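Listed here are the chains, written in short residue letters.
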Amino acid sequence: MKTLKRVSATVAVAAVVSMGTAGAAFAGYSFVGGGEWYRGVTGVPGMGEVYSRYHHGSACHGATAVGTRTVRVNRDAGQWADAYAPRANANNQNYWRNSC
């Protein structure tokens, strides 16, 4: 009976630890290509999103987010290009470009 309790406790702890890390998010900010770029992944697969936000003050530019689908957005100079896609289980990606 003691062994069963130890195994049950170990399984319970492992489940709590894995749930706590399942919602881990990635976010980043950079000055690239003459503009500002925010990118990241939020939430969990099926409930989170992949995003890419790029701003360039003097050139047509764009952002792309890849999750369960690909969203590509182009904007004129001075506007934010905001691309959001539903998060996939793996291989989520985000991109910027300083041309259209």
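The structure this text deals with has already been given above.
The structure reproduced in this document is the subject of the present report. (Residues numbered from 1 in each chain as written. Predicted model: local features only at pLDDT ≥ 70, side-chain atom pairs only at ≥ 80, totals over all residues. Heavy atoms only, no water.)

## So, the pattern of salt bridges
Operational definition: Salt bridges are counted wherever a side-chain nitrogen of Lys or Arg sits within 4 Å of a carboxyl oxygen of Asp or Glu. Helix numbers and strand numbers start at the N terminus; a helix is a DSSP run of H or I with at least 4 residues, a strand a run of E with at least 2.
Per the counting criterion, the structure on display carries 1 salt bridge. The partner of Arg-53 in a salt bridge is Asp-82, and the shortest N-O contact between them spans 2.7 Å. Highlighted residues: Arg-53 in strand S3 (residues 49-56) and Asp-82 in strand S6 (residues 80-86), separated in sequence by 29 residues.

## A closer look at the packing of aromatic side chains
Rules: When two rings of Phe, Tyr or Trp (its six-membered ring) have centres within 6.5 Å they constitute a pair, described as stacked for plane angles under 30 degrees, edge-to-face for angles over 60, and tilted for the intermediate range. In this scheme, a residue with accessible area under 20% of its type's maximum is buried, one over 50% is exposed, and one in between is partly exposed, where area comes from a 1.4 Å probe on protein chains only. Distance and angle both matter: a charge sits over a ring if NZ of Lys or CZ of Arg is within 6 Å of the ring centre and within 35 degrees of the ring normal.
Evaluation of the coordinates by the stated rule reveals 5 aromatic pairs. Measuring from centroid to centroid gives 5.4 Å for Tyr-29 and Phe-31, while their planes differ by 75 degrees, and the two rings are edge-to-face. We classify Tyr-29 as partly exposed; its relative accessible area is 36%. With a relative accessible area of 65%, Phe-31 lands in the exposed category. Every member of this aromatic cluster is reached through a ring pair, and the members are Tyr-29, Phe-31, Tyr-38 and Trp-80. Sitting over the face of the ring of Trp-37, Arg-39 holds its NZ or CZ atom 4.4 Å from the ring centroid.

## Quick word on the sheet that holds strand S5 (residues 70-75)
Put simply, the test is: Paired strands are those between which DSSP finds at least two bridges. Simply put, an axis is a line fit to the C-alpha atoms, just over the touching stretch for a helix, and the angle between two N-to-C directions goes from 0 to 180 degrees.
With antiparallel pairing, the 3 strands of this open sheet are ordered in space as S5-S4-S7. Each edge of the open sheet carries a strand with a single partner, namely S5 and strand S7 (93-97). Ignoring strand direction, the axes of neighbouring strands in this sheet form an average angle of 10 degrees. Here 5 bridges tie strand S4 (residues 61-66) to S7, and the two strands are oriented antiparallel to one another. Paired with Ala-63 across the two strands is Trp-96, which belongs to S7.

## Some remarks on the side chain of Ser-52
In plain terms, the rule: Residue contacts follow a heavy-atom distance rule, with two residues in contact if any of their heavy atoms lie within 4.5 Å.
Turning to its location among the elements, Ser-52 is positioned in strand S3. Overall, Ser-52 belongs to the buried group, its relative accessible area being 0%. When sequence neighbours within four positions are dropped, the list of residues in contact with Ser-52 reads Trp-37, Tyr-38, Arg-39, Ala-63, Thr-64, Ala-65, Ala-81, Asp-82, Ala-83, Asn-94 and Tyr-95.

## What about the state of the cysteines?
Heads up, the condition is: Our working definition of a disulfide is a cysteine sulfur pair at a distance within 2.5 Å.
Scanning the model with the defined rule gives 1 disulfide in all. Here Cys-60 is linked by a disulfide to Cys-100, with a sulfur-sulfur distance of 1.7 Å. What sets the handedness of the Cys-60 and Cys-100 disulfide is the S-S torsion sign, and at about -90 degrees it is left-handed. Here Cys-60, found in the loop between S3 and S4, pairs with Cys-100, found in the segment after S7; they are 40 residues apart in sequence, far enough to count as distant.

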